[in-house]
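# Close look at the chain arrangement
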Amino acid sequence: MRYPRNLLGYGPNPPDAQWPGGANIAVQFVLNYEEGGENNILHGDAASEAFLVDVIGAAPWPGKRHWNVESMYEYGARAGFWRLHRLFTQNQLPVTVYGVATALQRSPEQVKAMLDADWEIASHGLKWIDYRDHDIEHEREDLHTAVKLHTEVVGTRPTGWYCGRTSINTVDLASEEGGFTYVSDTYDDDLPYYREHMGSPQLIIPYSLATNDMRFTTASGFANGEEYFQMLKDSFDVLYAEGEAGSPKMMSLGLHCRLVGMPGRFAGLQRFVDYVMSKEKVWIAKRIDIAEHWLRTHPYEKPALVPSELALDDFTQLFGNVFEHSEWVAERAHKREMGPVHDTPVGLHALMCQVFRAASEDDRLGVLQAHPDLAGKLAAAKRLTSESESEQASAGLDALTDAEREKFGAMNQAYVDKFGFPFIIAVRDNTKAQIMAAFEKRLSNDRATEFATACKQVERIAELRIGQILA
């Protein structure tokens, strides 16, 4: 019952990226170089390519070459690449290339131009094919072959990885390989983060398809360069404003030689480049630069305590008394679906409250009855749990006058006689005077109202206790 997806991330308080120069935003241009690495029976594939091309309703042709599709890919290598190359080199802008290894192998002039421009060339896999149905061993073999071929063609091994057409195993396999400074096969954040695989952290630099020129060839995508520019500008403006407000983010643009390399589409990109360069406090960087900055500025720190990874005995030892003398709440919580969202005080409290609320009324009554009287006989006999002793002391209930102690005793007895369980209140939220006032007021409740009120206070006490444990 462990759920691996992380639906929380940084939550409401992302870290300050601290981009160089106090930049409000980090902008990153990615040029996907896939031409010559796409599906093609010439490459040993079963069918022709049909992905991200200007052929309406394109579909793979089993056992055949698709001349039109091939020609469109060739446009990217022959014309689109050089148009984009001129734009970025004339403006002296850094670029990261996602290079398909077999495509790079078939494009020596383009590779030389990338290297001469000091562009980063990250790995985009061995071939531009879909891995969703590949078995893990086949995909692992292709990944290692991609690194080997890339190193031979480029002269250095890739330190960044983005497959794009992934399987569920892709990110794990890239992390397992061990040589990638960053992996980008996620779309789940505006900032880098660390993801553990087999106990080791892997830096993730998320990518984006929302600001990707692939939407020129998808339904409800960009119809022209102006729509493309407007989307890029709006994305930039929102993120830039967040940076000005103290929460800098990252913006990734995905480009394809055969798509935005077309003149009408290219005009939108050109306008965006001009717009970005007119702004101050913008860091335009390669992805490896962002990765190295993050590693220096925000090094990985493994949490001291990860509740969802604890064995049952360890979990109940730590959280078994969050609901007073009611270890069953922790046991049932541990057996439920747990994941990264439950490794925070808010998340774990929500799960344990769900267990408590799902329990029978008798079980919940047992939790209420397990609580000690406030300033009662157990306190006087020093027989409170350490949690209850600390809580009661925080409100001064361990130092009552004789008159106060007598009044508490009388109200405790009246309360238990009426409701069948002791008065419960989260004492850390209240002063002694507030507790006394609440005691007197709640004595006038009917049982159903007071049962519900007491349960809410039990949940609040649990929240405070979990917060202390996970602080």
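Preceding block: the structure.
### Notes on helix α12 (residues 361-370)
- For α12, the set of buried residues is L365, V367 and L368. All buried residues of α12 lie within an arc of 155 degrees about the axis, which places them on one face of the element.
- In this structure, the buried residues of α12 make contact with α10 (327-334), α11 (345-358) and α17 (447-469).

### As for the packing of helix α1 (residues 67-90) against helix α7 (residues 263-277)
- The geometry of α1 relative to α7 is characterised by a closest axis approach of 11 Å and an angle of 20 degrees between their N-to-C directions. Looking at the two axes, α1 sits roughly parallel to α7. Here α1 and α7 pass one another in a crossing that is right-handed. On α7, the residues that touch Y75, R83, L84, L87 and F88 of α1 are P263, F266, L269, Q270 and V273.

### A look at helix α16 (residues 432-442)
- Taken residue by residue, α16 has I435, M436, A438, F439 and R442 as its buried positions. Angularly, the buried residues of α16 cover 165 degrees about the axis, an arc narrow enough to put them on a single face. The outward face of α16, more than 90 degrees from its buried face, is lined by the exposed residues A433 and K441.
- At its buried positions, α16 is contacted by α15 (402-419) and α17.

### Looking at the nonpolar core
- By size, the foremost hydrophobic cluster in this structure holds 49 residues, and its most contacted members are F29, F88 and L269.
- At seven residues, α1 tops the list of elements feeding residues into this core.
- Formed by 44 residues, the second largest nonpolar core is a distinct cluster that contains W328, A330, V355 and I461.

### Observations concerning the pairing of strand β1 (residues 25-33)
- Counting buried positions along β1 gives nine out of nine residues, so the element sits mostly inside the fold.
- On β1, burial covers both faces: I25, V27, F29, L31 and Y33 on one face and A26, Q28, V30 and N32 on the other are all buried.
- Both β1 and strand β2 (residues 96-99) contribute to a ladder of four bridges, which runs parallel. Its bridge partner being in β2, Y33 is matched across the sheet by G99.

### Considerations on the pattern of salt bridges
- Taken as a whole and judged by the stated rule, the model has 26 salt bridges.
- Ionic pairing is found between D54 and R265, a salt bridge with its closest N-O pair at 2.7 Å. Of the two residues, D54 sits in the loop between β1 and α1 while R265 sits in helix α7, which places them 211 residues apart along the sequence.
- Residue D54 is classed as partly exposed on the basis of its relative accessible area of 35%.
- Shared partners join several salt bridges into a network, and the residues in it are E34, E35 and R258.

### What about empty space enclosed by the protein?
- Summed over all chains, the structure comprises four cavities of 30 Å³ or more.
- Roughly 60 Å³ of internal volume is contained in the second largest cavity.
- Lining the second largest cavity, in full, are G125, L126, Y131, E139, D142, L143, W161, C163 and T170.
- For the lining of the second largest cavity, the element with the most residues is helix α4 (residues 136-154), which contributes three residues.

Conventions adopted
Residue numbers run consecutively from 1 along every chain, following the written order of its sequence. Only residues with pLDDT of at least 70 are given local features in this predicted model, and only at 80 or more are side-chain atom pairs given and counted; all residues enter the totals for whole chains, interfaces and linings. As a convention, hydrogens and water are excluded, and side-chain values are obtained from all of the structure's heavy atoms. Each residue gets one of three labels from its accessible area relative to the maximum for its type: buried under 20%, exposed over 50%, partly exposed in between, using a 1.4 Å probe on protein chains only. To qualify as a helix, a DSSP run of H or I must reach at least 4 residues; to qualify as a strand, a run of E must reach at least 2; elements of each kind are numbered from the N terminus. Each direction from the helix axis to a C-beta atom contributes to the arc, which is the arc of those directions. In this description, contact between two residues means that some pair of their heavy atoms is separated by no more than 4.5 Å. Every axis corresponds to a line fitted to the C-alpha atoms, with the helix fit spanning only the stretch in contact, and the corresponding angles, defined between N-to-C directions, vary from 0 to 180 degrees. Any angle between 65 and 115 degrees counts as roughly perpendicular, while under 35 counts as roughly parallel, over 145 as roughly antiparallel, and the rest as oblique. By definition, turning the near helix anticlockwise from the far helix through less than a right angle yields a left-handed crossing, and turning it clockwise yields a right-handed one. We call a set of buried Ala, Val, Leu, Ile, Met, Phe, Trp, Tyr and Cys residues a nonpolar core when their side-chain atoms join them within 4.5 Å. Here, a strand pair is defined by DSSP locating no fewer than two bridges between the strands. For salt bridges, the criterion is a side-chain nitrogen of Lys or Arg within 4 Å of an Asp or Glu carboxyl oxygen. Using protein atoms alone on a 1 Å grid, points that fit a 1.4 Å probe yet trap it form a cavity, whereas open point sets bounded by protein on both sides within 12 Å along at least five of seven lines form a pocket; residues with an atom within 4 Å of a point count as lining. Grid points are joined across faces, edges and corners, and a volume is the space filled by probe spheres set on the points.

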